[in-house]
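Residues per chain, in single letters:
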Amino acid sequence: SELIRGFLLSGMPCPSSCPPGLLALMAPGLALMATFSLPSQAGDRRALPVEKPPGVKGRTLILLDVNTKSPVRIISENFLSLQLDPSIIHDGWLDFLRSRDGYGHGAGTAPLAPPAHQALQQVFLNEEPPCCPSKNEQTRLAISLFSFPFAVDIVRSDIALDKQKGCKIAQHPDIMLELQREKAAQMHLVLLKEQFSNTYSNLTLTARSLDKLYNFADCSGLHLIFALNALRRNPNNSWNSSNALSLLKYSASKKYNISWELGNEPNNYRTLIGRSVNGSQLGKDYVQLRSLLQLIRTYSRANLYGPNIGRPRKNVIALLEGFMKVAGSTVDAVTWQHYYIDGRVAKVTDFLKTRLLDTLSDQIRKIQKVVNTYTPGKKIWLEGVGMTSAGGMNNLSDSYAAGFLWLNTLGLLASQGIDVVVRHSFLDHGHNHLVDQNFNPLPDYWLSLLYKRLIGAKVLAIHVAGLQRKPRPGRVIRDKLRIYAHCTSYHNHNYVRGSITLYIINLHRSRKKIKLAGTLRDKIVHQYLLQPYGKDGLHSKSVQLNGQPLAMVDDGTLPELKPRPLRAGRTLVIPPLTMSFYVVKNVNALACRYR
């Protein structure tokens, strides 16, 4: 649908009943970026030898320049990826996820599939209807409220959209959609009850369900990454692969192009099945899975990702070290997850705390240290990130305020060399999603859409003067103004190669002024300023772009995202508590001229 198509064209996927414009979020692009607010940032942070303009008082003006000669990082074209919650199978939304045949090409966009990622626990059976596995063999449904060992991911597919055949958009009467929403609401209450009681219902993924899921991904121009059930264990605690082998053989018989994982958050297995799995055994399980893949011609060269650990505390780091010793060379990328806040206790002020924004930086360093010790240069993915855990909170984790964490996450990960980030999630029963159950885009959708349209894969270092302050003894300065710089996306034909995009987070309760200096001086700038819309302020689920409310034109059309042109040399005025993008045109940056 267009919501997913909006992501696709800009870059992302969408259900057939979604408004056809949401897909633009996931388009690939180059990103040159860095944040001066973090001491680990790459790039020279010395003050620029730029004289202060006459009449400007100290600290009232920030001077900003970007190193345009070479990028400090180059991230994946699929850097911003997406997750669909597994509850879509349990509560019936899977039947509403069908893709439109023959997506049109929007102006200034390319028909590029958005990366997406979908978490899903599964027990796979070939028969339809499914038989019922024994209680010990049944798996628990992976929902956004919990961490579970099964996942399905979707990233960009190599299949060109205009070559797809046989993809049809599902047509559902309004009464069916209304009944589905009621069913999903009831399921949400069930899942909440399971969360608090720590007991979970079981989910059987049938061949027909897998067919629907793959058809959705394939017709949307996406690539599917499927995490196999790791909770099926033999008496000696090794992985029982018989169930996975059935799934692999079935998928191969259908010639499904799928990448693979094994489990999800293995550090929580004791809670789920009453027994833990250490890093060494988990590594052996992955080696076993790689051997299975090599026995099946269709998947002999398939990508394998893992171990998808949780927050890297001491015991989790020990698990990762054991895993990397045994299977570090077996996986194509090392994966982990991060959720900032417990959604049950979050407050709007939490999203404005710089200390919270910086917690991810410490996690990145811990993961990188382990990975580089055993497999230097191995790619790392943050495969599962949400602003809040426990499903989030209504009017909070799905509000404008949550965008501060989300945009800072994108900037921080790119600047520190994380190859892919997978956002939880596109659509689910909780409140961390990008669209609601009426398929209306939420603030983080618009934020992500702008990111995909404007940001490229090359990351540039920034130079800032007028912001740094000398810390008092024993006090850490945590900047509330965060600036990142990228090459503008090559796929955005509104801007010539060599242009640069800045994105800025202002957590101050006062406006800030930024003067572009050096190579950026006296260039025309296009402003994309996102602010909350309506009386709810930071709690708002609606946003405005440059003062104009953003909403779907109709069920099949995204609005035009119009920039506000600023005259050459004009000072950038950043309103308080806002997020914004600025495309600096015609910089002719050497780092951005070529792919």
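Scroll up to find the structure this text is about.
These numbers come from a predicted model, not from an experiment.

A. The arrangement of the overall build of the chain in detail. A tally of helices and strands in the chain yields 12 helices and 24 strands. Taking the intrachain contacts of the chain between residues at least 6 apart in sequence as the baseline, contacts between residues at least 24 apart amount to 80%.

B. Up close: the packing of aromatic side chains. Taken as a whole, this structure holds 11 aromatic pairs when the rule is applied. Seen from their ring centres, tyrosine 400 and phenylalanine 404 are 5.7 Å apart, and the 85° between their planes marks the pair as edge-to-face. Taken individually, tyrosine 400 and phenylalanine 404 each receive the classification buried, so the pair is uniform in this respect. Plain terms: the ring middles of tyrosine 445 and tryptophan 446 are 5.6 Å apart, the flat faces sit at 80° to each other, and that makes the pair edge-to-face. Residue classification places tyrosine 445 among the buried residues on the basis of a relative accessible area of 0%. Ring-pair connections join several aromatic residues into one group, and the members of that group are Phe79, Tyr451, Tyr484, Tyr503 and Phe581. Over the face of the ring belonging to tryptophan 406 we find arginine 423, whose NZ or CZ atom lies 4.9 Å from the ring centre.

C. Representation of helix α4 (residues 207–219). Compared with the 18 Å implied by 1.5 Å per residue over 13 residues, the 18 Å span of α4 between its first and last C-alpha is a close match. Within α4, burial applies to Ala207, Ser209, Leu210, Lys212, Leu213, Tyr214, Phe216, Ala217 and Cys219.

D. Structural detail: the nonpolar core. Core analysis: the biggest nonpolar cluster contains 116 residues, and Trp260, Tyr299, Trp336 and Phe581 have the highest contact counts within it. Top element by residues in this core is helix α11 (residues 402–415). It accounts for 9 residues. Apart from residues no more than four positions distant in its own chain, tyrosine 299 is found in contact with Leu248, Ser251, Ala252, Tyr256, Ile258, Trp260, Leu293 and Gln294. Counting 26 residues, the second largest nonpolar core, distinct from the first, contains Leu481, Ala485, Val587 and Ala589.

E. A look at helix α12 (residues 443–454). Here α12 spans 17 Å end to end across 12 residues, near enough to the 16 Å set by a 1.5 Å rise per residue. The buried count for α12 comes to 11 of 12 residues, which makes it a mostly enclosed element. Taken together, the buried positions of α12 are occupied by Pro443, Asp444, Tyr445, Trp446, Leu447, Ser448, Leu449, Leu450, Tyr451, Lys452 and Leu454.

F. View of the packing of helix α10 (residues 359–374) against α11. Packing of α10 against α11 leaves a shortest axis separation of 10 Å and a crossing angle of 30°. If you check the angle between α10 and α11, you find them roughly parallel. The interaxial crossing formed by α10 with α11 has right-handed handedness. Contacts between α10 and α11 involve Leu360, Ser361 and Ile364 on the former and, on the latter, Thr409, Leu412 and Leu413.

G. Quick peek at the sheet that holds strand β1 (residues 62–66). What the 4 strands build is an open sheet, ordered β15-β1-β18-β23; its pairing is mixed. Of all the strands in the sheet, the pair left with one neighbour each is β15 (462–465) and β23 (572–574). On average, each strand axis in the sheet is inclined to that of its neighbour by 30°, with strand direction left out of account. As paired strands, β1 and β15 are joined by 4 bridges and run antiparallel to one another. Within the sheet, the bridge partner assigned to valine 66 lies in β15 and is isoleucine 462.

What counts, and where the lines are drawn
- Residues numbered from 1 in each chain as written.
- Predicted model: local features only at pLDDT ≥ 70, side-chain atom pairs only at ≥ 80, totals over all residues.
- Heavy atoms only, no water.
- Helix = DSSP H or I, 4+ residues; strand = E, 2+ residues; numbered from the N terminus.
- Contact = heavy atoms within 4.5 Å.
- Phe/Tyr/Trp six-rings, centres within 6.5 Å; stacked < 30°, edge-to-face > 60°.
- Buried < 20%, exposed > 50% of the residue type's maximum accessible area, 1.4 Å probe, protein only.
- Lys NZ or Arg CZ within 6 Å of the ring centre and 35° of its normal.
- Expected span 1.5 Å × (residues − 1).
- Core = buried A, V, L, I, M, F, W, Y, C linked by side-chain atoms within 4.5 Å.
- Axes fitted to C-alpha atoms, helices over the stretch in contact; angles between N-to-C directions.
- Parallel < 35°, antiparallel > 145°, perpendicular 65-115°, else oblique.
- Left-handed = near helix turned anticlockwise from the far one by under 90°.
- Pairing = 2+ DSSP bridges.

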